[in-house]
Amino acid sequence: AAAEKDGYSSFMLKEINEQPSAVEQTLMGRLDQHGNLMLDELRIDESILRAVDKIVVVACGTAAYAGQVAKYAIEHWCRIPTEVELAHEFRYRDPIVNEKTLVVAFSQSGETMDTLMAVRHAREQGAKVVSICNTNGSTIPRESDAVIYTHAGPEIAVASTKAFLSQIAAAYLLGLYLAQLRGTKFADEVRDVLRELQEVPAKIQSVLDAADEVKDLARRMSTAESVLFLGRHVGYPVALEGALKLKEIAYIHAEGFAAGELKHGPIALVEEGQPVFVIVPSPRGRDSLHAKVVSNIQEVRARGAITIVIAEEGDDAVVPYANEVIRVPQTPVLLAPLLTTVPLQLFACELADSKGYDVDQPRNLAKSVTVE
Ligand code: G6P
């Protein structure tokens with residue numbers, strides 16, 4: 001089994017390290033030599049796709065957080081209202097779904113029963129279903145109208161890592177394709193994003209190359225009893241995913257919050273020594289989101305928090321309020337989750353490992369839950 005891990009101490013660490021190629025594989029074959037986007041597998045009538053008036057993403061666990069990231073991009077590029085719902089909640093609340101709804105089911109395994117039930121229900125209501133899936137020939141793709149395979153390679157560790165990044169990449173391709181088809185984005189704008197996307201694998205690699213710093217931090221923080229994660233915009237689902245990873249494999253109480261919500265409640269939790277991760281949006285983004293998040297760092301730091309800040313290279317504004325800074329390469333705002341998630345995965349993996357836990361087989365969890 002050690003051989004299958006390619007020398008890594010766990011499948012999880014191996015899969016974290018495979019992310020540059022996982023994302024590359026997701027993008028590959030979907031762009032022609034000229035960088036144009038092709039989604040031949042999307043075998044749904046173009047007239048139906050043009051008429052879609054609502055997108056609903058259904059998924060569970062980490063896949064649902066990938067869906068939350070995708071919502072920001074799809075709405076921005078396509079101007080189609082997009083909801084993200086936990087599949088088990090969607091299925092049993094009589095959701096408004098019809099022939100004009102496009103349901104997108106995210107599932108690494110393709111076998112999650114809660115997600116499958118949501119897919120069946122959506123199709124019964126006349127919706128078209130596209131699945132974003134990592135496992136060829138699995139049940140959810142077979143029961144969908146079309147599938148976009150992520151091609152990330154088999155994921156063995158229970159806690160999902162490379163599948164998460166590939167799901168985001170695949171959903172972005174879907175969003176860009178719909179934007180192209182519906183004319184909400186011009187071909188050259190779509191091409192710009194695609195070009196940036198193709199640079200992402202190398203940028204993930206550079207985050208991985210700096211892993212030792214994150215691992216060192218994880219070992220120093222292994223006695224933490226609670227860790228908070230703050231993010232805004234696409235950084236918000238990244239915060240949720242960072243917290244989930246820590247719960248799943250390190251059994252540490254962790255919560256992710258929307259940074260803007262801090263003052264409406266969560267800040268009451270902050271006391272001396274509380275570790276708080278903050279995912280900082282690019283200072284080059286619009287709407288002064290960066291400045292708002294920097295002031296959130298300041299607020300928690302003033303109340304005694306230990307702040308661990310994930311920020312772009314060259315972002316000096318965070319330095320005065322950060323106990324630790326983890327750098328990621330510069331990238332457009334919507335692509336940042338493909339980079340900022342990686343240190344959070346490494347942190348959870350190393351912390352769990354330093355506590356002697358089996359990171360690949362955490363207690364009480366299954367890789368794929370095939371019961372409702
Ligand atoms: C299980 C796993 C999670 C995973 C979720 C959805 O709960 O433990 O890691 O995110 O299922 O799995 P799927 O295969 O549908 O993506």
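Note that this is a predicted model, so its numbers are computed, not measured.

Attention now moves to the nonpolar core. Core analysis: the largest hydrophobic core is formed by 128 residues, its most contacted members being V103, V104, A105, I168, A169, L230 and F277. Apart from the residues within four sequence positions on either side, A105 is in contact with V58, A59, T115, A118, V119, V129, S131, I140 and S144.

This part covers the packing of helix α4 (residues 62–78) against helix α11 (residues 235–250). Look at α4 against α11: their axes get within 9 Å of each other, and the N-to-C directions meet at 165 degrees. One way to sum up the angle between α4 and α11 is to call them roughly antiparallel. Judged by the sense of rotation from one axis to the other, the crossing of α4 with α11 is left-handed. Listed contacts from α11 to T62, Y65, Q68 and V69 of α4 are P237, L240, E241 and L244. Here the residues of the contact of α4 with α11 are counted per class, giving five nonpolar, two polar and one charged.

Turning our eyes to something else, we now look at the confidence of the model for the protein chain. Looking at the protein chain as a whole, its pLDDT mean stands at 95, while 99% of the residues score no less than 70. Across the interface, the model reports ipTM at 0.95; the global pTM reads 0.97.

Turning our eyes to something else, we now look at the environment of Q361. Along the chain, Q361 falls in the segment after α13 (337–354). As a C-alpha pair, Q361 and I156 span 205 residues in sequence and 9.4 Å in three-dimensional space.

All right, on to unusual backbone geometry then. Of note in the backbone geometry, D6 takes a positive phi value of approximately 55 degrees without being a glycine. Inspection of the secondary structure assignment puts D6 in the segment before α1 (11–17). Positioned with a positive phi, S288 is a non-glycine residue whose angle comes to about 45 degrees. Relative to the helices and strands, S288 resides in the loop between β8 (275–279) and α12 (289–302). On the basis of neighbour counts, which here come to 11 C-beta atoms within 10 Å, the residue S288 falls in the exposed class.

A few words now on the sheet that holds strand β4 (residues 128–133). In space, the five strands of this open sheet follow the order β2-β1-β3-β4-β5, with parallel pairing throughout. A single partner strand is all that each edge strand has here, and the edge strands are β2 (82–86) and β5 (146–149). Strand-to-strand twist across the sheet, computed as the mean angle between neighbouring axes with direction ignored, equals 20 degrees. Here strand β1 (residues 54–59) pairs with strand β3 (residues 101–107) via five bridges, running parallel.

Okay, the sheet that holds strand β7 (residues 253–258) next. Spatial strand order, β7-β6-β8-β9-β10: five strands in an open sheet with parallel pairing. Of all strands in the sheet, those bounded by a partner on one side alone are β7 and β10 (324–328). Ignoring strand direction, the axes of neighbouring strands in this sheet form an average angle of 20 degrees. Sheet analysis places strand β9 (residues 306–312) next to β10, joined by five bridges and oriented parallel. Each residue of the ladder has a partner; that of I308, found in β10, is E324. Lying over the sheet, α11 contacts β6 (226–231), β7 and β8, oriented at roughly 175 degrees with respect to β7.

Okay, α12 next. An ideal rise of 1.5 Å per residue puts 20 Å on 14 residues; α12 measures up with 20 Å between its terminal C-alpha atoms. Buried within α12 we find H290, V293, V294, N296, I297 and V300. When α12 is viewed along its axis, its buried side chains cluster within an angular range of 155 degrees and face the same direction. Relative to its buried face, α12 has exposed residues pointing more than 90 degrees away, namely A291, S295 and A302. For α12, the secondary structure elements touched by its buried residues are β6, β8 and β9.

The buried count for β1 comes to five of six residues, which makes it a mostly enclosed element. Both β1 and β2 contribute to a ladder of five bridges, which runs parallel. What sits directly across from A59, in β2, is L86. In this view, the connection linking β1 to its parallel neighbour β2 by way of α4 has right-handed handedness.

For A305, the position within the fold is in the loop between α12 and β9. We classify A305 as buried; it has 24 C-beta atoms within 10 Å. Spatially, the C-alpha atom of A305 lies 6.3 Å from that of V270, the residues being 35 residues apart in sequence. Those residues in contact with A305 that sit more than four places away from it in its chain are V270, Q274, V276 and V300.

Cut-offs applied
- Residues numbered from 1 in each chain as written.
- Predicted model: local features only at pLDDT ≥ 70, side-chain atom pairs only at ≥ 80, totals over all residues.
- Core = buried A, V, L, I, M, F, W, Y, C linked by C-beta atoms within 7 Å.
- Buried ≥ 20, exposed ≤ 12 C-beta atoms within 10 Å, placed from the backbone.
- Contact = placed C-beta atoms within 7 Å.
- Axes fitted to C-alpha atoms, helices over the stretch in contact; angles between N-to-C directions.
- Helix = DSSP H or I, 4+ residues; strand = E, 2+ residues; numbered from the N terminus.
- Parallel < 35°, antiparallel > 145°, perpendicular 65-115°, else oblique.
- Left-handed = near helix turned anticlockwise from the far one by under 90°.
- Nonpolar A, V, L, I, M, F, W, Y, C, P; charged D, E, K, R; others polar.
- pLDDT = per-residue confidence, 0-100.
- Pairing = 2+ DSSP bridges.
- Expected span 1.5 Å × (residues − 1).
- Arc of directions from axis to C-beta.
- Right-handed = clockwise from strand over helix to strand, strands pointing away.

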